[in-house]
Amino acid sequence: MKVLIVGAGLIGVTTAYLLRRRGYEVTVLERREGPARETSFANGGFLCPSASEPWNAPGCWRPLLASLGRSDAAMQLRVATLPRLVGWGTRFLWNSRSKIFQRNAQSNQRLASYSLDAMRSLREQTGIRYGRAAQGFLRIFRDERALRDTIASNERLSSVGISSRVLTSAETIELEPALIHIKDRLVGAIHYPGDETGDAYRFCVALAEHARQAGVEFRFQTEVDSFEVHSGGVTALLGRCDRFVADRYVIAAGSYSTPLLQRVGVSIPVQPVKGYSITYDVPPQAPSLRIAVLDDDWHVVLTPLEGILRVAGTAEFAGYDLTLPAARLRTLFALAQQLSPQLRIESANARSWCGLRPMSVDGVPIIGSTAVRNLLVNTGHGPLGWTMAAGSAHLVADLLAGDSPAIDPTPFALARFARHPTQPG
Ligand SMILES: Cc1cc2nc3c(=O)[nH]c(=O)nc-3n(C[C@H](O)[C@H](O)[C@H](O)COP(=O)(O)OP(=O)(O)OC[C@H]3O[C@@H](n4cnc5c(N)ncnc54)[C@H](O)[C@@H]3O)c2cc1C
């Protein structure tokens with residue numbers, strides 16, 4: 001059976017590899033010149049079941065409202081995008097009600113944990129290397145109440161087997177001496193030892209090469225414009241000059257899945273949420289972080305990734321805009337300096353980047369069939385596409401083959417949005 005996948009980011013490449021392993025004839029169509037050149041290029045590097053709850057937590061509207069007109073806010077809503085976001089935004093807030101949020105958080109944790117296991121077997125099968133570190137990460141707090149709330153919500157994590165350890169500020173410095181400069185401001189930290197970090201770009205490039213050698217065809221610089229449909233099924237994907245035919249079609253085009261699927265009459269509630277990162281080269285003898293750090297106040301991560309240090313984060317509802325405003329980057333730069341001045345982070349030695357997280361309205365990815373018979377979707381992973389890539393690819397492969405998946409696929413089905421007719425929008 002022939003399968004065409006649109007998109008060679010984390011989700012498309014992982015799906016291609018796993019489908020090929022199951023014997024499918026797989027072709028990947030990617031508009032860029034290689035794998036992972038868009039949102040999967042320079043992300044925060046976290047594979048983190050312990051931090052996989054949706055961003056629309058109860059009360060998420062407060063920081064969003066406070067951000068209006070502020071260029072240095074960690075989460076920012078641009079006034080110009082408000083009219084376009086009204087419908088999606090209302091549903092985003094609707095999903096932040098406590099009960100719904102808890103249910104969605106559980107679905108994400110299940111998929112994220114399954115995905116981390118799937119990554120282990122993928123590594124064993126392929127032997128690929130991508131700067132993986134397995135000592136977990138440190139979530140640091142300056143605010144007593146935020147620390148207490150997180151400790152309370154960690155009870156849910158322990159019930160699904162995710163361990164965590166609360167640290168005093170002295171214990172935090174013992175684990176990560178580079179944080180000594182903010183010791184007095186820290187009220188404590190939580191260490192999540194089961195999580196991992198790794199370079200998503202290196203992973204995609206290595207896995208794509210492995211998949212290519214196993215028989216997956218990658219057609220780069222090939223943009224899919226529209227669909228040819230007959231009797232309720234796709235008969236071909238249409239590029240500028242080409243027509244691509246298969247038995248099944250999987251859309252894994254990140255944030256661009258939404259406009260692409262609209263062309264075949266499939267509506268998915270996914271919007272781009274922009275984030276930034278800065279990458280510094282770390283010379284072999286220079287000091288670096290020992291362990292990845294998540295700053296809870298700023299929603300920013302600092303991740304050491306074999307020879308580089310990545311500072312990533314912030315969230316901006318800014319449509320498909322890919323500019324790099326100096327004010328946004330200054331926030332990341334200032335934070336990195338504040339956390340670790342001895343790392344001598346020089347802006348001259350920095351590479352800045354932004355990407356568009358494909359954010360679903362409930363913060364849970366959309367995986368599986370659509371109303372078009374042979375068309376599947378694998379997107380909407382928001383800030384968790386690296387964490388969930390391998391598990392999501394397994395789900396797609398199981399659903400496509402008609403096998404029973406290892407985890408319940410219902411919470412991830414596109415049909416969930418049709419099942420809640422009372423939902424606004
Ligand atoms: C700042 C930042 C930090 C992040 N940190 C983390 C983290 O620490 N951990 C984590 O788990 N996740 C993180 N994420 C999220 C993660 O990076 C994304 O969820 C993930 O990259 C999405 O992968 P994707 O394959 O769906 O999309 P993409 O990587 O964007 O891939 C989609 C591909 O489809 C191609 N495409 C689109 N339209 C077409 C078309 N019409 N024809 C052909 N090709 C097309 C694009 O060129 C692109 O290559 C972060 C994101 C950002 C922005």
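Residue numbers restart at each chain and count upward from 1, following the sequence in its written direction. Local features in this predicted model are restricted to residues whose pLDDT is 70 or higher, and side-chain atom pairs enter the listing and the counts only when it is 80 or higher, whereas totals over whole chains, interfaces and linings include all residues. Side-chain descriptors were evaluated using all non-hydrogen atoms of the structure, hydrogens and water having been removed beforehand.

## Considering the sheet that holds strand β1 (residues 2-6)
The pairing of strands in a sheet comes from backbone hydrogen bonds and takes either a parallel or an antiparallel form. In spatial order, the strands read β9-β2-β1-β13-β20-β19; together these six strands make up an open sheet with mixed pairing. Lying at the two open borders of the sheet, with one neighbouring strand each, are β9 (217-219) and β19 (366-369). If you compare each strand with its neighbour and ignore which way they point, the axes differ by 20° on average. In terms of strand pairing, β19 meets strand β20 (residues 375-379) through four bridges, oriented antiparallel. Only strands that DSSP links by at least two bridges are regarded as paired with each other. Numbering of helices and strands runs from the N terminus; a helix is a DSSP stretch of H or I covering at least four residues, while a strand is a stretch of E covering at least two. Think of each axis as a best-fit line through the C-alpha atoms, taken over the contacting stretch in the case of a helix, with angles from 0 to 180 degrees between the N-to-C directions.

## Concerning empty space enclosed by the protein
Note on definitions: the grid is 1 Å and covers protein atoms alone; a cavity is a set of points where a 1.4 Å probe fits but cannot get out; a pocket is an open set with protein on both sides within 12 Å along at least five of seven lines; lining residues have an atom within 4 Å of a point. Grid points are joined across faces, edges and corners, and a volume is the space filled by probe spheres set on the points. Applying the stated criterion across every chain yields a total of two cavities of 30 Å³ or more. In this structure, the largest cavity spans a volume of roughly 40 Å³. Lining the largest cavity are Thr81, Arg84, Leu85, Gln271, Pro272, Phe317, Ala318 and Gly319. Counting only elements with at least two residues in the lining of the largest cavity, the list comes to α3 (82-94) and β14 (270-281). Counted by class, the lining of the largest cavity contains four nonpolar, three polar and one charged residues. Within this model, the second largest cavity holds a volume of roughly 30 Å³. Every residue lining the second largest cavity is listed: Glu53, Pro54, Trp55, Asn108, Met359, Gly363, Gly380, His381, Gly382, Pro383 and Leu384. A breakdown of the residues in the lining of the second largest cavity according to their chemical character gives five nonpolar, five polar and one charged. Throughout, the ten residues Ala, Val, Leu, Ile, Met, Phe, Trp, Tyr, Cys and Pro are labelled nonpolar, Asp, Glu, Lys and Arg are labelled charged, and all others, Gly among them, are labelled polar.

## Points about the nonpolar core
Counting 63 residues, the largest nonpolar core has Ile5 and Phe203 as the members making the most contacts within it. Looking at this core, the element that brings in the most residues is helix α10 (residues 385-401), giving nine residues. Every residue pair with non-hydrogen atoms within 4.5 Å of one another is taken to be in contact. Not counting the four nearest positions on each side in its chain, Ile5 is found in contact with Gly12, Thr15, Ala16, Leu19, Val26, Thr27, Val28, Leu29, Val250 and Ala252. As used here, the term nonpolar core means buried Ala, Val, Leu, Ile, Met, Phe, Trp, Tyr and Cys residues forming a set that is joined through side-chain atoms within 4.5 Å. For every residue, the accessible area obtained with a 1.4 Å probe (protein chains only) is divided by the maximum for its type, and the residue is called buried under 20%, exposed over 50%, and partly exposed between those limits. Judged by nonpolar contacts, the second largest core, of 35 residues, contains Val273, Met359, Val361 and Val377.

## Here we look at the pattern of salt bridges
For salt bridges, the criterion is a side-chain nitrogen of Lys or Arg within 4 Å of an Asp or Glu carboxyl oxygen. Applying the stated criterion across every chain, the model contains 20 salt bridges. Here Glu196 makes a salt bridge to Arg123, at a shortest N to O gap of 3.7 Å. Here Arg123 lies in helix α4 (residues 98-126) and Glu196 lies in strand β8 (residues 196-197), a separation of 73 residues in the sequence. Each member of the pair, Glu196 together with Arg123, is buried.

## Focus: the site of the ligand
Here a residue is near a molecule or strand as soon as one of its heavy atoms is found within 4 Å of it. Among the 35 residues in the neighbourhood of the ligand, the closest are listed as Glu30, Ser40, Phe46, Gly382 and Thr387. Two N or O atoms count as a polar contact when they lie within 3.5 Å, although within protein this holds only if one can serve as hydrogen donor and the other as acceptor, and sequence-adjacent residues are included solely when both atoms are side-chain atoms. Taking Ile11, its main chain carries an N or O atom lying 3.1 Å from an oxygen atom of the ligand. Val224 places a polar main-chain atom, nitrogen or oxygen, 2.9 Å from a nitrogen atom of the ligand. The accessible surface values rely on the Shrake-Rupley method and a 1.4 Å probe; as for residues, cover is taken only from the protein chains in view. Here the ligand, which alone exposes 1,000 Å², has 97% of that area covered by the protein. The residue inventory of the shell around the ligand, partitioned by class, reads 15 nonpolar, 14 polar and six charged.

## Regarding the packing of aromatic side chains
Planes of paired rings set the category: under 30 degrees apart is stacked, over 60 is edge-to-face and the rest tilted, where pairs are Phe, Tyr or Trp rings (Trp by its six-membered ring) whose centres lie within 6.5 Å. Considering all chains together, one arrives at eleven aromatic pairs under this definition. Consider the rings of Tyr130 and Trp386, whose centres lie 5.6 Å apart with planes at 70°: the pair is edge-to-face. Of this pair, Tyr130 sits in the loop between α4 and β5 (137-141) while Trp386 sits in helix α10, placing them 256 residues apart in sequence. Note on accessibility: Tyr130 and Trp386 belong to one class, buried. Geometrically, the ring pair formed by Phe203 and Trp386 is tilted, given 4.9 Å between the ring centres and 55° between the ring planes. Note that Phe203 is positioned in helix α7 (residues 200-213) and Trp386 in helix α10, a separation of 183 residues in sequence. For the pair Phe203 and Trp386, one class covers both residues: buried.

## Digging into the side chain of Ser40
Within the element layout of this structure, Ser40 appears in the loop between β2 (25-29) and β3 (46-47). Look at Ser40 and you get buried, because its relative accessible area is 11%. Of the polar contacts made by the side chain of Ser40, one reaches the backbone nitrogen of Leu10; its length is 3.0 Å. For Ser40, the residues in contact, after removing those within four places along its chain, are Gly9, Leu10, Ala200, Tyr201 and Cys204.

## Comments concerning the pairing of strand β16 (residues 300-304)
Counted residue by residue, β16 has five buried out of five residues, so it is predominantly covered. Alternating positions in β16 separate into two faces, Val300, Leu302 and Pro304 on one and Val301 and Thr303 on the other, with burial throughout. In the sheet, strand β15 (residues 292-295) pairs with β16 via three bridges, with the strands oriented antiparallel. The residue of β16 that forms the bridge with Leu294 is Val301. Hairpin geometry of β15 and β16 is characterised by an intervening segment of four residues between the two adjacent antiparallel strands and by a positive phi of about 55° at His299. With five bridges connecting them, β16 and strand β17 (residues 308-317) associate as antiparallel partners. Of the residues in β17, the one forming a bridge with Val300 is Gly313. In this antiparallel pair of consecutive strands, β16 and β17, the connection spans three residues, and Glu306 shows a positive phi of 40°.

By themselves, these figures tell us nothing about what the structure is for.
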